[in-house]
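# Architecture at a glance
Residues per chain are reported as follows:
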Amino acid sequence: MQRTIQSCARAGILQPPRTLCVKPPISSASKACRSVATTSSSVDAEEVEKFAKEQRHWWDLNGPANALHAMNAVRVPFIVQNVSKVFRRDAARPRTLEGLSILDVGCGAGFLSEPLARLGANVTGIDASRGGIEAARKHALQDVAVAPRVKYEVTSAEEVLASGQSFDAVVCSEVVEHVAQVPPFVQTLCALVKPGGGLMMSTLNRTLVSYALSIVVAERVLRLTAPGTHEWSKYVSPEELSQFVSKAGLTPTAVQGTLYNPLMRRWSFVPSTAVNYLFFASKPAPPSA
């Protein structure tokens, strides 16, 4: 993993470009979330509305989304390491994701989609918020290495699956704890993965420690996120995710704990999965002819 982190750092992947924040209209996000929610069982309109209120600050690196920007320091190397294993590539090689198709579910303004595109992947980012997608499209145009490799759509995972599409890898970061129904949502994510591909998720574990740190400390004391951003009852344990993906035919292959230091504004890998964690599962490849 350390070689992967160093490779991503040398390529400038782990730090987003410092640009002015994009300010899409709030009303467009509100309309979009209601529209998509009517056709999808996973989209929670109230959850989308929560994030729509902060959308004008999404690309402000010192704004409310700072922790999500900083999370690329752990989630990008984790994705690269595990996707590279699945496709038997050298994780430390520049542009190791070259030519792979990746679906970023709940992409927001493209915080994760952009670094994956810089590593060579062809990324499709989807979100229920039109404001988020507009911000993502505008920001992608500022980087010639990103713009040709990403496309963004206001839609849901269920609608993408219904269209018949599938991808080499699916990533869903900090979304699972906000959807309406977790088991069918995870099943949809699994179905979107091509045989021989992989699924990455990052989320919060449902423990007393996670309640204390993510809600009491982060929301109520330090105000790192707006009060009410998270609902502890919606948190999902690694064991539950393992059960969900196994029922869908995937094999859990990696679980990694992470922790955010609000004073340093930095994420790190930790042994414990009691609060935040990264999760990866692979789908068996079809039998050789």
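Our subject is the structure that appears above.
Here is what the cut-offs are and how they apply
Residues numbered from 1 in each chain as written. Predicted model: local features only at pLDDT ≥ 70, side-chain atom pairs only at ≥ 80, totals over all residues. Heavy atoms only, no water. Buried < 20%, exposed > 50% of the residue type's maximum accessible area, 1.4 Å probe, protein only. Axes fitted to C-alpha atoms, helices over the stretch in contact; angles between N-to-C directions. Helix = DSSP H or I, 4+ residues; strand = E, 2+ residues; numbered from the N terminus. Parallel < 35°, antiparallel > 145°, perpendicular 65-115°, else oblique. Left-handed = near helix turned anticlockwise from the far one by under 90°. Contact = heavy atoms within 4.5 Å. Pairing = 2+ DSSP bridges. Core = buried A, V, L, I, M, F, W, Y, C linked by side-chain atoms within 4.5 Å.

Moving on to unusual backbone geometry. One non-glycine residue with positive phi stands out, namely Arg95, at about 55 degrees. By relative accessible area, Arg95 is classed as partly exposed at 32%.

In a packed pair of helices, the relevant descriptors are the angle between the two axes and the axis-to-axis distance. Helix α11 (residues 238-247) packs onto helix α9 (residues 182-191) with a crossing angle of 55 degrees between their chain directions and a minimal axis gap of 9 Å. What the angle tells us is that α9 and α11 run oblique. Along this stretch, α9 crosses α11, giving a crossing that reads as right-handed. Residues Val182, Pro183, Val186 and Cys190 of α9 form the contact with α11, whose participating residues are Leu241, Phe244 and Val245.

Now for the sheet that holds strand β5 (residues 193-204). Strands pair in a sheet through their backbones, by hydrogen bonds, and they do so in one of two ways: parallel or antiparallel. As summarised here, the arrangement of the eight strands in space is β3-β2-β1-β4-β5-β8-β6-β7, forming an open sheet in which the pairing is mixed. The open sheet terminates on both sides in strands that have one partner only, identified here as β3 (150-154) and β7 (266-270). Neighbouring strand axes in the sheet, compared pairwise and without regard to direction, differ in orientation by 20 degrees on average. Examined bridge by bridge, strand β1 (residues 101-105) and strand β4 (residues 167-173) share three bridges and lie parallel to one another. When the bridges of β4 are listed, Leu103 appears paired with Val170. Of the strands in this sheet, β1, β4 and β5 touch α9, which is tilted by about 145 degrees from β5. Sitting on the sheet, α11 touches β5, β6 (251-261) and β8 (276-282), and the angle it makes with β8 is about 20 degrees.

To continue, consider the nonpolar core. Within the largest apolar cluster, 29 residues are counted, with the highest numbers of intra-cluster contacts made by Leu97 and Leu116. Among the elements that make up this core, the one with the highest residue count is helix α5 (residues 72-86) (five residues). In this structure, Leu97 is in contact with Val80, Val83, Arg89, Ile102, Leu116, Leu119, Gly120 and Ala121, ignoring residues within four places of it in sequence. Core analysis: the next-biggest nonpolar cluster, separate from the first, contains 28 residues, Cys172, Val179, Leu189 and Val236 among them.

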